[in-house]
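Spelled out, the chains give:
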Amino acid sequence: MCGIIGYVGYRDARTVLIESLKRLDYRGYDSAGVAIIDKKLKIYKEVGEIAQVEKQIPLLKGTTGIGHTRWATHGAVTKENAHPHLSCDKKIAIIHNGIIENFTKLKEELKKKGHIFRSQTDSEIIAHLIDEAYKGNLENAVIAAVKKIQGSYAIVVVSEDEPNKVIGVRKESPLVIGVGDSENFLASDITAFLKYTNRVMFLNDGELCTITKDTISVYDINKKPIKKKEELITWDIKDAEKSGFPHFMLKEIYDQPDTVNQVLRGRLSEIEETVTFPENVEHLLNNDITSIQIVACGTSFYAGLVGKYLIEQLTNIPVFTELASEYRYFGTRNESSLVIAITQSGETADTLAALREAQASGCKTLVITNAIGSTATRITDGYILQQSGPEIGVAATKTFTSQLIVLLLIALKIAIIQKKIGSDELYNTIFNLKELPRHAREVLERSDDILTIAKHLKNAKSIFFIGRGINYPLSLEGALKLKEISYIHAEGFAAGELKHGPFALLTKDTPVVAIVTQDPTYEKMLANIGEIKARGSPVIAIAEDKDTEIENHADYVLRFPTSSQILPSIQITIVLQLLAYHVANLRKCPIDKPRNLAKSVTVE
Amino acid sequence: MKCVILAAGEGKRMHPLTYTRPKVMLPIAGKPILEWNLLNARAAGIKEFIFIVNYKSEMVREYFADGKQWKVHITYINQGEPLGTAHAIATVEPFVSDCIVLCGDTIFGVNDIKKIAQKGNKIGLIDVEDATEYGIVELKGKQIKKIYEKMEKPFTTLTNAGIYHFNKHIFDYIRKTEKSLRGEYEITDSINMLITKEPMEAIFLKEWRDVVYPWHLLDANEELLKKMKPRNLGIIEKNVTVKGTIVVGKDTVIRSGSYIEGPVVIGSNSKIGPNCYLRPYTTIGNHCHIGNACEVKNSIIMDYSNVPHLNYVGDSIIGQHCNLGAGTTVANLRFDKNIIPVVLNGKKINSKRRKLGTIMGDDTQTGINSVINVGTMIGNNVFIGLGALAKGEIKPDAKIL
Amino acid sequence: MTKKAVILAAGEGKRLRPFTETMPKVMLPVANKPLLEHVFDAVKKSGITEVIVVVGYKKEVIMEYFKDYTDIKITYVTQDRQLGTAHALLQAEPYIKDSFIVLAGDNIIDSKSIEALMKDQSDYSLLIKEHPHPSKYGVVFVEQHSIRRIVEKPKEDVGKYISTGIYKLPKSVFKDIKQCSSEGIHALSAVIQSIIDKGAHINTILAKAWMDVVYPWDLITVNEAMIQETTASTSGVIEKGVTLKGPVSIGKDTKIYAGCYIVGPVIIGDGCEIGPNTCIFPSTTIGNNTVIHPFSDIRSSVLMDDTHISSNSHISHSVIGKGCIIGDNFSTITGKTIIEIDDEFKKLETPIGAMIGQDSIIESHVVVDPGKIIGRKCIISPLNHITKNIASESKVI
C-alpha cells in the first residue's frame, strides 16, 4: 500500500517526485521521503503526510530521484523507519512496497558481516543486501539481492555511483514503467506520472528494469532481456474536491443519489425495459451459466453477499460468495462457473490472486470495479465499471451501493436472458430502480434523526448489528463501517445466530442495531428483538416508514422509505453509513484517514 | 541551430476533427500541417527539431518517429500541462541555447524561415485582414517596441505571426513571467520584457497560413494544391480522363471511366473508380476507396475512409476510418444561396462560406441513402442510420437512427 | 479597468419556495444551467477574470456544482448569518484591492452592460432599467444621469427606472458599509443612499437585458429568454421517425424514440428517455435522467433532473421540480391568473401552469389549475382537481 515513484530525466526531480507523491497519497500516508542524486545522493524523510513533509524538503537539485509514501506494515511509524533506506555508506537508496518474509534471518546474516541498521523495518535490509553484492554493476547487485529475498515486493533503487539510472523490480506488488520523452518513470500507480506521459509498460512478476533518461531495458532474474510492448493510456485523472463538506466521506455519502443514476446510465432503459451491457459482458452472462462464484474482500465481500441473495432470488442460479484471501485454499470450480470479482480499486492483491486462480481453473471471469485501466480490468474476460467517480474517503460508501446496483443489474440481465422474470416484475423492478435516487435523498434528509440516535451509541464499548436474509450482509457492513471509522468494537450477526453463542456478550452496555423489513423475516426479527431486550440491551431498529408495529418492540427507531422488497438495501445502507459517520464524528475521529488503514490493499 | 515547434495544443475550435488528433496533425494536401513546417524548415537548412507535445502526443510520435524518414532528427518533449506558450518553451531550456520557435499549427514558408534563422533575436510579423483576432505589434524602426493583446479596435494590421528566433536569455524572462489574465504564461509577455533590454528585429513574412476553424483547411488545401507538380506513382487505367494537375501515390489504382479535374491529390494504396468524378481542390488520403458513381468536389477525405458507391461529397472534410453507405449525399448549398451558419461546440458561428458540406470526425459511419445537411458538424464514432437526416452539430458517439 | 466582481449568492429566496427548500436561489436552473452559471458566463464574457462569490444558505450545492469550473477564478466567502446585502458584500472585503463590480447571483444580465459598467470612469456607477411596474423594486430617481434617491419598493407609482442592484464601487465603500451597519443600516441600497446624501455622484447606465427571478413563475419567462441561445446539438441516440425542428439540444446517453416531434428551442439533458410519440414544443428545458412516456406533450416548461412523466400528460408553462413522479393523464391548465404568495396577491401578465416542488408524487388523472403551487414531497391521489396551493409534505386524498 505504499506509494512509489522513481524518476530520471531532465526536469527538476524534486518537483516531479513531490507532485507524484501527492497523487499517490491515497495509497499510504504515515510518512514520506525522497532521495535525489545531485552529484551526491541526498535523502530527506519525515513522519506525516506528504503535504506537510513537502514544505520541509530542502531544495535538492538533480534530475534523478526516488520518492515514497508509507503505510506501515513492519516497524512503527518513525522517521528512521520511513523510506528511502540507505546502505551503510549512504551511497545506495531504496524504496520498497511489500513484505519481506525472511527478513529476520537475512538481517542476522548481514549484521554478522558488519552491517549497521538504522531502522526496524524489513525494507532496510534490501539496501544492505545490494550494497553487500555491489561490485561495480548495480543491476547485478540488485539481482543478487533479489535472489535472496522471499516475499512480495516492488523495489526501486538508485546509487550515487551510477547516477543516471534507476532500477526497479516487481514481484506481486504493483510497479509500472512510464515511458517519457527524454525522461522515464517507475511508479506503483499510473496516476503518479500520467500528467507527463500516457505511455506505459507493464512489468510482470519476476521482472526487473533499468531506466535512464533515454533508455528502458527490461530483463529477468538471469539478465535475459525481455521485450515489452508500449501501451497507451487513454483515460485521464480527475481530482475530487471536498466542496464545502467537512469530510470526503460525508460528501461521498451525499453523492449517492447521483451515483445511483450514474451506475444506471446507459445500462437501464425504462421505455424498452432492458438492461444493456457491453457485448463481451453480455456474452459472459449467456444461457450456459450453472453456478456463480463471487470473490472479494472487505466491504466488497459484503456487497457480494448481498449479490448472492439478489441473483439467487431473481435467477435461481446457485451463488457462492467467497473471501478472496481464502479462495485459493479450497473450493471446486469448473468451466461452467462464472466468477465475479468485486474490487473497487481493481488492484486489491487478494482479489487479483483469486481472479487468477479462477482463470487457471478454466472459469469465465467478470470484474466489477470503479477503476478503469486497473490490473483487474486487464486480466479478466469482461468488466463492468461502477461509474461512481473517485472515492477518496478510506471507508467505502458510494462504491458499496454502486456495487449492489451493478449486481442487481447482472441478476436482472441473467433473468431476462434465461426468461426467469415476468414482464410485470421486470417493469416494477426497473421502476423501483429509477425511484432509488429519491429514496436515497429522503434518507439523507433524515440525517439529524440519525445523529440523535448516534449520541446514544458514542460511548458504547461494543455494538452489535443483526439482520435476516438480505439484511444479514448489510448488518455485517454496518458493523464494519462503524468500527472502521469510530474505533468502537462492532460485530454483525445473522439474527438467528445470536442465541447460538453471542448472546453471552449482551449486557445493558451493548446496544444492538436491528434491521427490520416487512417481508417474510419480519415476525422472526420481532421475536429476536424481544429476546435481546429481555437481556437488557438497548435496541435500535432500522425499519420501514410504513411499519407501525416496530415502536412497540424497539427502544429507538430509524426509518427509511421504500416501495419494493428487493431494493431497500440502498436506503438501509445509507442509514448505516450516516450512523457510523455521526458516531465517529461525535468521537472526533479522523474520518477520512482512519488509523492503520489504507484505501487499496495491495499486500496479501 | 535547433527548431522548436509548439505542437501541444488540442485546437478546440477545430472540433470535430481534433477530438482524435492534435491540431498540428490536421492534413492539408495529404500531409499534416506539422509536416509542411518540417519540410520548409528543412529546406531552410534546419536538421534538428524539438517538438513540444502533449494532447494526443502519440499521433505525432507515430507519424514522425525520430525524423529519420525526412533525414532530420526529432526530439520530443511533453509539456505536461497546457499552461501557455511561455511554459511550453521553458521545458526545452536544458536542450537549446540559440533557437527558432514556431507555432506548429501555422504554415510558414521556406524563405521566411531562412530569414528568421539568421543571427539575432527576431520575430515574424504578418499583415492580416482582420486584426481583431490576433495580437498586434508596434514597431520602432526595424525593431519591435511592444506586442499588444488582441483588441477590438486595433491601430495596425501588423500582427504577431507566431515565429521567433531566441537566444538563451529568453528563459530568464520566462522565469519572470506571471500568469496572464486568462491564466496562462504567455511568451508575448516574456518578449515584452526581453525587448526592454535587447533588440528584436521585425521580419515581415511573405507566406503565412493560419487555420482556426475546420473549413479553413479547405482554403489552405486549395492554396497548396495550386502549387503542386504533377506526379504519378500509381496505375491509371485506360479510358480515364485527367485534366489539370493530379498527384497519385504509390500503388493507387484509378479505374476506367474516372474523370478527374485537377488539381487533385490522391494518396497511396487507394482505389479510385470506376466511373467517379473528382473535381478541383480535392485531396484523397491513403487506403481510401472512392467508388462508382461518386462525385467529390473541393473536399478532404482522410486516410482509410470510403466514399464507395453513389455518393456526393462537396466542400467537406471526412475524417479517418469513415464509411459512407451507398447513396449517402452531402448538401453543400442552401436553396437561398445565403451564407451557411454552423454550430460548433454548442455555439453559432458564421462560416462565411456559401458552400459548405460537412465536417465529419473519425470512425463515423452512415447508412445507405442517408442525408447530411449543409454545415453539419459530425463528431467521431457517430452512427447515422439508413435513410436518416443529420443536421446541426452531432456530438461524438451519438446515433441518429 | 475593473477586473474583479463580487457575486452575492448567500440568499435563500423564500419567495421561490418550494424550489428553494433544497437549493439556494442562485442554483435554480433555466435553460439547463443554474442562474449563477448564466451570471458567470456574462461576467466572463465582459472581461472579468476573477469572482468572489458570497455564499451562505446551502452553500455545498453551489460549491459542489462548480468544483470543476475553470472558466473563471472563483473564491468563496461565507456569510454565516443572513444580515442583509451590505453585510454580505462586506465578507468579500479582504479580497478587494481596487474598484469592483457587485451583482446578485440570481439576476440575468448581459455582458455588454457589465462591460459598460466596468469602463465607466465614475467612482460609483449603477445599472438601471426601465420597468413598467417599478414598485416591486428599488426605484431610482435620476437627474442628469446621476442618482438623487433610491426608494425601495415605493408605495406610490413613481418614476420609471429601477435599480438592478448591479454597481461598480470603489474600495472605500467598505468603510461606508461598516459605518452604516453601526447605525443599523444593512441593505446595500440604503448604504448607497447614505453615500448619495453625503454628496457623492452615482452615475447611471442603462442596462440592455436584465431579468430578475423573484417568484417561481419567473423561471418560465427567464427560461424562455435564455433558451433562445440554444443550438441544434445532438448526442445520444435518435431513433428513426423522430422529427426535430429548429434548435434542439440533446444530451449524452439520451434516447429519443420513434414518433417524437420536437420543435426547438428545446434543451434535453443527459441520460433521458423520451417517447415514443411524445411532443415537445418550444422553450422547454428538460433536465438529466428524465423519462417521458408516450403521448405526452410539453411546452414552455422547465423539468428538472430525475423527473418521471407518465403517458398522456399535458404540461404547459409549468415548473416540475427534481425527482417528481407524475402519473398518467396529468394536465396543467394554463391561464393568466391571480396568485397568492407570501400573503400577497399578484396578477400575472403572462399565462402560467403548475409549479411542483421536488420529489412529489402525482398519481393518475390529476388536473392542476393555473398558477397553483404544489410543495415538496407531496402526494396527490388520483382524480384530484387542484384548485389551491398545496403545502410541502402534504397529502391530497
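See the structure above.
Residues numbered from 1 in each chain as written. Chains lettered and ligands numbered in written order. Predicted model: local features only at pLDDT ≥ 70, side-chain atom pairs only at ≥ 80, totals over all residues. Heavy atoms only, no water.

**Student:** Is there a simple way to think about the overall build of chain B in this case?
**Tutor:** Secondary structure assignment for chain B yields 7 helices and 41 strands. Here chain B has a C-alpha radius of gyration of 22 Å; the compact-globule value for 401 residues is 21 Å, and the two agree. Summarising its shape, the C-alpha atoms of chain B cover approximately 65 × 40 × 35 Å along the three principal directions. Burial status across chain B gives 54% buried among its 401 residues. Excluding contacts between residues fewer than 6 apart, the proportion of contacts in chain B whose partners are at least 24 apart in sequence is 49%. Carbon and sulfur atoms make up 51% of the accessible area of chain B, which totals about 16900 Å². Chain B carries 52 positive and 41 negative side-chain charges, and their two centres are separated by 3 Å. (Helix = DSSP H or I, 4+ residues; strand = E, 2+ residues; numbered from the N terminus. Rg over C-alpha atoms; globule rule 2.2 N^0.38 Å. Buried < 20%, exposed > 50% of the residue type's maximum accessible area, 1.4 Å probe, protein only. Contact = heavy atoms within 4.5 Å. Areas by Shrake-Rupley, 256 points an atom, 1.4 Å probe, with all protein chains shown as cover. Lys, Arg positive; Asp, Glu negative; His and termini not counted. Charge placed at Lys NZ, Arg CZ, Asp CG, Glu CD.)

**Student:** Before we go on, may I ask you to explain a positive patch on the surface in this structure?
**Tutor:** A contiguous patch of positive charge on the surface is contributed by Lys347(B), Lys44(C), Lys45(C), Lys112(C) and Lys208(C). Mapped onto the elements, Lys347(B) comes out in strand β33 (residues 347–350). (Patch = residues over 30% accessible without salt bridge, like charges linked within 9 Å, V, L, I, M, F, W, Y side chains within 5 Å. Salt bridge = Lys/Arg side-chain N within 4 Å of Asp/Glu carboxyl O.)

**Student:** Whenever I open this one, the nonpolar core confuses me. Can you help?
**Tutor:** If you look at soluble globular proteins, the nonpolar side chains tend to sit buried side by side. Judged by nonpolar contacts, the single largest core of 89 residues is most densely connected at Ile292(A), Ile340(A), Leu366(A), Ile405(A), Ile410(A), Leu433(A) and Ile542(A). Of the residues forming this core, the biggest block, 12 residues, is contributed by helix α13 (residues 398–417) of chain A. Setting aside residues up to four positions removed in sequence, Leu433(A) forms contacts with Val260(A), Leu264(A), Leu268(A), Ile405(A), Leu408(A), Leu409(A), Leu412(A) and Leu567(A). Core analysis: the next-biggest nonpolar cluster, separate from the first, contains 66 residues, Val330(B), Ile394(B), Ala398(B) and Ile274(C) among them. (Core = buried A, V, L, I, M, F, W, Y, C linked by side-chain atoms within 4.5 Å.)

**Student:** Looking at this structure, how should I read the state of the cysteines?
**Tutor:** Here is the idea: a disulfide is a covalent bond, and it sits between the sulfur atoms of two cysteines. All names here are of chain C. Taken as a whole and assessed by the stated rule, the structure comprises 0 disulfides over all chains. In this structure Cys378 is not part of a disulfide, and its nearest cysteine sulfur, from Cys324, lies 8.9 Å away. Judged by its relative accessible area of 0%, Cys378 is buried. (Disulfide = S-S within 2.5 Å.)

**Student:** When you look at the interface of chain A and chain C in this model, what are you seeing that I'm missing?
**Tutor:** One frequently used descriptor of interface size is the decrease in accessible area upon assembly of the parts. The partner chain C presents 30 residues to the 24 residues of chain A that form the contact. Considering only the surface of chain A that becomes buried against chain C, Arg265(A), Ile271(A) and Arg438(A) emerge as the three largest contributors, covering 30% of it. Between Glu273(C) and Lys434(A) there is a salt bridge; the shortest N-O distance is 3.4 Å. Here chain A and chain C share 16 residue pairs in polar contact (both at pLDDT 80 or more) between them. Contributions of two or more residues to the side of chain A that touches chain C are made by α7 (256–264), β15 (268–269) and α14 (423–445) of chain A. If you tally residues by element for the side of chain A that touches chain C, the top one is α14(A), at 9 residues. (Buried area = accessible area lost by both parts, 1.4 Å probe. Polar contact = N/O pair within 3.5 Å; in protein donor to acceptor, adjacent residues only side chain to side chain.)

**Student:** Honestly, the pattern of salt bridges in this entry has me stumped. Any pointers?
**Tutor:** Here the idea is simple: oppositely charged side chains can pair when their charged atoms come close. Within this structure, the stated rule accounts for 66 salt bridges over all chains. We note a salt bridge from Asp214(A) to Lys213(A), for which the minimum N-O separation is 3.7 Å. Given a relative accessible area of 56%, Asp214(A) falls into the exposed group. The closest approach of N and O atoms between Lys119(C) and Glu115(C), which form a salt bridge, is 3.3 Å.

**Student:** Honestly, helix α9 (residues 298–315) of chain A in this entry has me stumped. Any pointers?
**Tutor:** Side chains of residues three or four places apart in an α-helix project in the same direction, reflecting 3.6 residues per turn. Residues and elements named next belong to chain A. For α9, with 18 residues, the first-to-last C-alpha span of 25 Å sits near the 26 Å given by 1.5 Å per residue. For α9, a buried count of 13 out of 18 residues is recorded, marking the element as mostly surrounded by other parts of the structure. Just beyond α9, the residue with positive phi is Asn316, at close to 60°. (Expected span 1.5 Å × (residues − 1).)

**Student:** Looking at this structure, how should I read the sheet that holds strand β23 (residues 489–494) of chain A?
**Tutor:** Across a sheet, paired strands are connected by hydrogen bonds in the backbone, their directions being either parallel or antiparallel. Residues and elements named next belong to chain A. Taken in spatial order, the 5 strands make up an open sheet running β23-β22-β24-β25-β26, and their pairing is parallel. Both outer strands of the open sheet, β23 and β26 (556–560), are each paired with one neighbouring strand and no more. Averaged over all neighbouring strand pairs, the angle between strand axes comes to 20°, with direction disregarded. The pairing of strand β25 (residues 539–544) with β26 spans 5 bridges and is classified as parallel. In the sheet register, Ile540 faces β26, and the bridge partner there is Tyr556. Relative to strand β24 (residues 512–516), helix α17 (residues 522–534) is tilted by about 165°, and along the sheet it contacts β22 (462–467), β24 and β25. In the packing of helix α18 (residues 568–586) onto the sheet, the strands contacted are β22, β24, β25 and β26, and the crossing angle to β26 comes to about 130°. (Pairing = 2+ DSSP bridges. Axes fitted to C-alpha atoms, helices over the stretch in contact; angles between N-to-C directions.)

**Student:** Please explain helix α4 (residues 124–133) of chain A as it appears in this structure.
**Tutor:** Residues and elements named next belong to chain A. Along α4, 8 of the 10 residues are buried, which leaves the element largely enclosed by surrounding structure. If you check which residues of α4 are buried, you get Glu124, Ile125, Ile126, Ala127, His128, Leu129, Ile130 and Asp131. Buried-residue contacts for α4 involve β5 (85–86), β6 (92–100), α3 (103–112), α5 (138–148) and β7 (151–159).

**Student:** Is there a simple way to think about unusual backbone geometry in this case?
**Tutor:** Negative phi characterises most residues that are not glycine, and trans characterises most peptide bonds. Residue Pro263(B) follows Gly262(B) across a cis peptide bond; omega there is 0°. Structurally, the position occupied by Pro263(B) is in the loop between β19 (259–261) and β20 (264–266). Here the amide bond leading from Gly264(C) into Pro265(C) is cis, since omega sits at 5°, within 30 degrees of zero. Mapping Pro265(C) onto the fold places it in the loop between β19 (261–263) and β20 (266–268). Phi angles above zero are rare outside glycine, and Tyr487(A) is one such case at about 65°. Secondary-structure assignment places Tyr487(A) in the loop between α16 (471–486) and β23. Classification of Tyr487(A) by relative accessible area gives partly exposed; the value is 23%. At Ala29(B), a position not held by glycine, the phi torsion is positive, near 50°. In this fold, Ala29(B) is placed in the loop between β2 (27–28) and β3 (31–32). A residue is classified by how much of its surface remains accessible, and Ala29(B), at 4% relative accessible area, is buried.

**Student:** For this particular structure, what's the right way to read the sheet that holds strand β13 (residues 216–219) of chain A?
**Tutor:** Residues and elements named next belong to chain A. Taken together, the 6 strands give an open sheet; going across it, the order is β5-β6-β7-β8-β12-β13, and neighbouring strands pair in antiparallel fashion. The sheet is open, and its two borders are formed by β5 and β13, each paired with just one other strand. In the sheet, β7 pairs with strand β8 (residues 162–171) via 6 bridges, with the strands oriented antiparallel. What sits directly across from Ser159, in β8, is Glu162. In this fold α5 packs onto β7, β8, β12 (207–211) and β13, with an angle of close to 25° to the strand it touches most, β8.

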